[in-house]
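# Observations on the model geometry
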Amino acid sequence: MLRRRLNRLLGGDERRVDSRTIYVGHRSGSPNEAIIPPKFCDNRIVSSKYTVWNFLPKNLFEQFRRIANFYFLIIFLVQVIVDTPTSPVTSGLPLFFVITVTAIKQGYEDWLRHKADNEVNKYPVTVLEDGRRIRKESEKIKVGDVVEVEEDETFPCDLILLQSSRDDDTCFVTTASLDGESNHKTHYTVPDTERDLESLNATIECEQPQPDLYKSLGPENLLLKGATLKNTQKICGVAVYTGMETKMALNYQGKSQKRSAVEKSINAFLLVYLCILVSKALVCTTLKYVWQSKPGQDEPWYNEKTQREKDTNLYIKMFTDFLSFMVLFNFIIPVSMYVTVEMQKFLGSFFITWDKDFFDPEIKEGALVNTSDLNEELGQVEYVFTDKTGTLTQNNMEFIECCIDGFQYKYRDASSELDGFCREELFLRALCLCHTVQVKESTEQSQGQGDGLTDQVDGLGVDGEVVPPPEEQRGFIASSPDEVALVKGAMRYGFTFLGLESKTMKILNRNNDVEMYELLHVLNFDPVRRRMSVIVRSRSGDTLLFCKGADSSIFPRVRQEEVERIRMHVERNATEGYRTLCVAYKHLSAEEYAQADKGLREARLALQDREEKLMAVYNQVETGMSLIGATAVEDRLQEEAAETMEALQGAGIKIWVLTGDKMETAKSTCYACRLFQRNTELLELTVLNLNLFLCSCCRSWSSANQDYGFIIDGATLSMVLNTSSESNSSRYKNLFLQICQNCTTVLCCRMAPLQKAQIVKMVKNSKGSPITLSIGDGANDVSMILEAHVGIGIKGKEGRQAVRNSDYAIPKLKHLKKLLLAHGHLYYVRIAHLVQYFFYKNLCFILPQFLYQFFCGYSQQPLYDAAYLTMYNICFTSMPILAYSLLEQHICIEILLDNATLYREIAKNAMLRWGPFLYWTLLGVFHGLLFFFGVRYLFSNPALQDNGQVFGNWSYGTIVFTVLVFTVTLKLALDTRHWTWINHFVIWGSLAFYVFFSFFWGGIIWPFLRQQRLYFVFANMLSSVSAWLVIILLILLSLLPEILLVVFRKPRGPHARQVELKHTYTA
């Protein structure tokens, strides 16, 4: 019988061919039946990317997929194969440095993943084998093992519940790690299971693993890996899915790679500089052969060609020369910029984690950074999509008032007695019976467990006068905060829910009499029906159905003459921002109950279309009800929610509220958060006025002083986004977007999770590709968090699914203000300056090398020594810009927070547009020309030393290089507004290191060098007063325009704003 039961309950979809057979406890169903052990995967969880064996090849393959790395690899190979003017070390060493640093970073991150996997896989669990309790590591669990789990432990794999320590054969679990819901769910043991598991012989036929959390095999019997056992001492279950086949593992969705706008700008600039590089190489190659075409220039008497050179094909020679010039000028492409950007993002993310303002004493946690690649995107946000419940509000419900047959009863007037009419008591009994609340007796053990109880257990001794002393320490556990609030509300009026024991619900009424009701069926809440019901039988034998739900789902199912008395109160409460529920009941005759009971049992045992059949029975039972009253529950606003929203709007960010709540409640929340002001003109779009509204939407938006707010519900949105004809769909979408983009705030109500993601995707892909940010706290927000450019999770009361799928996590909504207006602003300014500065300093570096070819017969003669070529980007100029990009505060944080409008000045990638890029490029050209021709002018006088000796070409290059290093470093010093000891150390330290290295490199004869070009060159150069004079003069001339601009130009932009604000504060 058990086998048939298991097959019927757990068989899944009959149409599915693939299934698996599981032997409980690895014992066959028949003593004479031989077991062929089926092969299933082990219970190891693997989220890591690499192993010790594949790390090197896999990581190198991934790194060389990046265009810049692959380009430098080709350049390196060209240097190795072709006779080029520079050593392969000059490009090989920087490339090796970049690859190594990136590999170390990615290896460290993967090591952390391995560490997390080991914590899960090595976790000790109890397995029952041959009547013995054996402790094993979690990874050694096999399909068919009987596993014992104790209270507050996490299920190590997907289990079928066989036995529970509770008398009613149930257990309670929280699935926060799976679907984000921290509330308790009830699960049942498989009926007719033998109590002695040692003698249990059973086989389970079930479907192959599938990721759907909700359409699972026998959902009331299946305990999912990652869920936690609550309010139950221990359970025993059989492992059906293990390791990477569990629903948690199958639901793990690797987040798609998000690319920031800065990275796209870098790639665009890189193409420009690549074109400049190719142009330089083409010009030099062409001019070389033009110059050599003149008589005597191709083969002078002092440099005759070898026979091999004479026999070489002209076109091959031209191509080889082109490659040689490419190699000579390739340093214009800054390969080290990529590793500096990586380090800046990785190290910069720690400043968010370390920020003490983000620490929340309530949960004792701060901010969390899951993705460091998007720091600068925080400074570019144009649209914020926010959830309402738990994000704008606290998700902490408080019973405010109720309405019974049109009469209002205030929660604050609870001390006043209700009239003793039957309807009032019936209403309160409905509140005490129609729910999934469980009572947990508070013990010393449970009081000592802070983890997990703070969210679920509340309502401890709400009213000492009503609750008798033995019940004072009772805690309520519910699947929704609303339900606890309603049970507590009934408690205040004298009806106390005492708990559920063996299918019997007990209520203590006003007269201190215990009423008992047999719980026959629970018709669970679901977001489609938007209501739940219970069927109970009283001591007198009456069968009653109690139902509560949203007004839109209850009103059509009750007598219409009763609706008007309640509707006014419901609408008024919704306008005031309260969450409303309507309560109805129905007296079931014996025939009606028998029919409903039969239908429910058959639907629950159906193997196909179980949900659809259950829904049909629910809808059939929940008709012809009598409306008793309605409740109002308040969900309070998050701390500083209004101030945060106001600041974001002041920063020019458009805010969209996406909620599943009803329109009136959400509208009131928007007013409370100051998203809608009293002078805001609200535009409401519903199914009724859809065509009229969209047809007349070609209105003028010229009224500059008028703010608009737009409201739409889920049903209307479906019609807008999913219109039958493609042309209409496109037209409606464009009109809808046009309206929304002209509104400061958009409110979307009654939204399904998928619709939230659709909205974000639609705005993200609209004209201009605006940067979007989604923020939420529940599993229903995960889709929009993953869809947006930046996803923020709030560490709220609805589990941690949103946090785990987010790019950044913060404890409270109020922290979003500083995250965007301060951290985001500074990160963007820093990295934008870093990118422009890198291109600038490399242009300064290579332009003199290009100009030098015009004076050396296009012979590919390097201007700089190989050591300088190699060390320029790695050592001499890398640390100052890294320190700047981590520590710079061009405007102090307090001013950024007080003046949200400063955020607008960097919007739409303002610092990485073509205008600033052209300015930095022209500056690099100016400095490069000045360095080269300034030193050439010095060399017009050949005798530069006291003894009359002349400087050679390496002295020429060294003087240019010295001016270059000092100028680009001091340029960064001029740009620095926020000086710390680290800035001083790296800026002056880099210059000192350059001087020390030059003396050291040229002052020793190195045995491993075939030729030592810089031997005593630097020391000789500094012995010349003329060289000193030119170096100082050229540095001053290069930086003079910058200094004059700062001194004489009227300040504009963020710096000016800061100066003005400082003057204001001083005054």
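Residues numbered from 1 in each chain as written. Predicted model: local features only at pLDDT ≥ 70, side-chain atom pairs only at ≥ 80, totals over all residues. Heavy atoms only, no water.

### Here we look at the overall build of the chain
Our working definition: Under the DSSP-based scheme used, a helix requires at least four consecutive residues in state H or I and a strand at least two consecutive residues in state E, with every element numbered from the N terminus. For every residue, the accessible area (1.4 Å probe, protein chains only) is compared with the maximum for its type, and the residue is labelled buried under 20%, exposed over 50%, or partly exposed between those bounds. A contact between two residues is defined here by any heavy atoms of the two lying within 4.5 Å. The Shrake-Rupley method, run with a 1.4 Å probe, gives the accessible areas here. Residue values count only the displayed protein chains as cover.
Helix and strand content of the chain: 36 helices and 31 strands. Each of the 1067 residues in the chain was classed as buried or not, and the buried ones make up 54%. In the chain, once contacts between residues fewer than 6 apart in sequence are set aside, the share between residues at least 24 apart is 76%. When the accessible surface of the chain is totalled, it reaches about 48,100 Å², and 57% of it is carbon and sulfur.

### Re the sheet that holds strand S9 (residues 222-223)
What counts is decided by this rule: Criterion used throughout: strands pair if DSSP finds at least two bridges between them.
Here six strands make up an open sheet; going across it, the order is S3-S2-S4-S11-S5-S9 and the pairing antiparallel. Edge strands, defined here as strands with exactly one partner in the open sheet, are strand S3 (132-137) and S9. Bridge count for strand S5 (residues 158-164) against S9 is two bridges, and the pairing is antiparallel. Note that in S9 the partner of leucine 159 across the bridge is leucine 223.

### Let's talk about the pattern of salt bridges
Our working rule: In the sections that follow, a salt bridge refers to a side-chain nitrogen of Lys or Arg positioned within 4 Å of a carboxyl oxygen of Asp or Glu.
Applying the stated criterion to the full structure yields 34 salt bridges. Notably, a salt bridge pairs arginine 133 with glutamate 148, separated by 2.5 Å at the nearest N-O pair. Linking arginine 133 in strand S3 with glutamate 148 in strand S4 (residues 146-150), this pair joins segments that are 15 residues apart in sequence. Look at glutamate 148 and you get buried, because its relative accessible area is 5%. In this structure, arginine 429 engages glutamate 425 in a salt bridge whose closest nitrogen and oxygen atoms are separated by 3.3 Å. Here the residue arginine 429 and the residue glutamate 425 both occupy positions in helix H11 (residues 422-433), the gap between them amounting to four residues, near one helical turn. On the accessibility criterion, arginine 429 (15% relative accessible area) is buried. Salt bridges sharing partners connect three or more residues here, namely Arg133, Glu148, Glu150 and Lys234.

### Concerning the UniProt feature "active site" (unreviewed entry) in the chain
Cut-off, in case you're wondering: UniProt positions are given in the numbering used here, feature names are shortened, and annotations may be inferred rather than shown by experiment. N or O atoms within 3.5 Å of each other form a polar contact, as long as, within protein, one can give a hydrogen and the other can take it, and as long as residues adjacent in sequence are counted only when both atoms are side-chain atoms.
If you check UniProt for "active site" (unreviewed entry), the listed places come out as Asp387 in our numbering. Looking at the element boundaries, aspartate 387 is found in the loop between strand S13 (383-386) and strand S14 (393-404). Assessed through its relative accessible area of 4%, aspartate 387 is described here as buried. In this structure aspartate 387 touches Leu392, Leu658, Thr659, Lys756, Ile775, Gly776, Asp777, Asp781 and Met784, once residues within four positions along its chain are discounted. A polar side-chain atom of aspartate 387 sits 3.3 Å from a polar atom in the side chain of lysine 756.

### Here's the deal with the sheet that holds strand S24 (residues 626-637)
Rules: Axes here mean lines fitted to C-alpha atoms, for a helix over just the part in contact, with angles spanning 0 to 180 degrees between N-to-C directions.
Judged by pairing direction, the sheet is antiparallel, and its nine strands sit side by side in the order S15-S14-S24-S23-S22-S21-S20-S19-S18 without closing on themselves. The sheet is open, and its two borders are formed by strand S15 (407-410) and strand S18 (496-501), each paired with just one other strand. The sheet shows a mean angle of 30° between the axes of neighbouring strands, direction not considered. In this structure, strand S22 (residues 543-549) lies alongside strand S23 (residues 579-588), joined through seven bridges in antiparallel fashion. Its bridge partner lying in S23, lysine 548 is registered against valine 583. Each of S14, S18, strand S21 (531-538), S22, S23 and S24 touches helix H14 (residues 481-492); the most contacted strand, S14, lies at about 40° to it.

### A closer look at the pairing of strand S2 (residues 124-129)
Relative to S3, S2 runs antiparallel, the two sharing six bridges. When the sheet's bridge partners are listed, glutamate 129 is paired in S3 with arginine 132. Here S2 folds back onto S3 in antiparallel fashion, the turn holding two residues, of which aspartate 130 has a positive phi close to 55°. Across three bridges, S2 lies against S4 in antiparallel orientation. Pairing of leucine 128 across the sheet is with valine 146, part of S4.

### Comments concerning unusual backbone geometry
A positive phi angle, close to 65°, is found at arginine 674, a residue other than glycine. Of note, arginine 674 is situated in the loop between helix H20 (663-672) and strand S26 (681-685). Overall, the relative accessible area of 31% leaves arginine 674 in the partly exposed class.

### Let's talk about the nonpolar core
Short version of the rule: For the purposes of this section, nonpolar cores are sets of buried Ala, Val, Leu, Ile, Met, Phe, Trp, Tyr and Cys residues that join through side-chain atoms within 4.5 Å.
Val835, Phe845, Tyr864, Phe961 and Leu964 are the most contacted members of the largest nonpolar core, which totals 94 residues. In terms of residue count, helix H27 (residues 815-852) provides more of this core than any other element does, 18 residues in total. When near neighbours in sequence (up to four residues on either side) are disregarded, phenylalanine 961 contacts Phe845, Tyr864, Tyr868, Tyr872, Phe876 and Tyr994.

### Details of the pairing of strand S29 (residues 772-776)
In terms of residue burial, S29 counts as a mostly covered element, since five of its five residues are buried. Of the two faces of S29, the one lined by Thr772, Ser774 and Gly776 and the one lined by Leu773 and Ile775 are each fully buried. For S13 and S29, the ladder comprises four bridges, and the chain directions are parallel. Opposite tyrosine 383, over in S29, you have threonine 772 as the bridge partner.

### Notes on helix H29 (residues 878-887)
Among the 10 residues of H29, nine are classified as buried, and the element is accordingly described as predominantly covered. Buried within H29 are the following residues: Ser878, Pro880, Ile881, Leu882, Ala883, Tyr884, Ser885, Leu886 and Leu887.

### Let's talk about the packing of aromatic side chains
For clarity, the cut-off: A pair of aromatic rings is counted whenever rings of Phe, Tyr or Trp (Trp by its six-membered ring) have centres within 6.5 Å, and the orientation is called stacked for planes under 30 degrees apart, edge-to-face for over 60 and tilted otherwise. Here, a charge over a ring means that NZ of Lys or CZ of Arg falls within 6 Å of the ring centre while also lying within 35 degrees of the ring normal.
What the rule picks out here adds up to 44 aromatic pairs. The interplanar angle of 65° and the centroid separation of 5.6 Å between the aromatic rings of tyrosine 840 and tryptophan 920 together place this pair among those described as edge-to-face. Taken as a pair, tyrosine 840 in helix H27 and tryptophan 920 in helix H31 (residues 914-938) lie far apart in primary sequence, 80 residues in all. By relative accessible area, tryptophan 920 is classed as buried at 9%. With centroids separated by 6.5 Å and ring planes inclined at 5°, the aromatic side chains of tryptophan 979 and tryptophan 988 adopt a geometry described as stacked. A residue is classified by how much of its surface remains accessible, and tryptophan 988, at 41% relative accessible area, is partly exposed. Taken together, Phe845, Tyr864, Tyr868, Tyr872, Phe876, Phe961, Phe966, Phe993, Tyr994 and Phe997 form an aromatic cluster joined through their ring pairs. Stacked on the ring of tyrosine 593, the Lys or Arg arginine 537 has its end atom at 5.3 Å from the ring centre. Between arginine 830 and the ring centre of tyrosine 827, over which it is positioned, the NZ or CZ distance is 5.6 Å.

### Considering a nonpolar patch on the surface
Our working definition: Exposure above 30% relative accessible area and the absence of a salt bridge qualify a residue for a patch, where like charges join within 9 Å and nonpolar side chains (Val, Leu, Ile, Met, Phe, Trp, Tyr) within 5 Å.
Together, Leu974, Leu1037, Leu1040, Ile1043, Leu1044, Val1046, Val1047 and Phe1048 make up a nonpolar patch on the protein surface, roughly 740 Å² of accessible area in all. It is helix H35 (residues 1025-1048) that provides the largest number of residues to the nonpolar patch, a total of seven residues.

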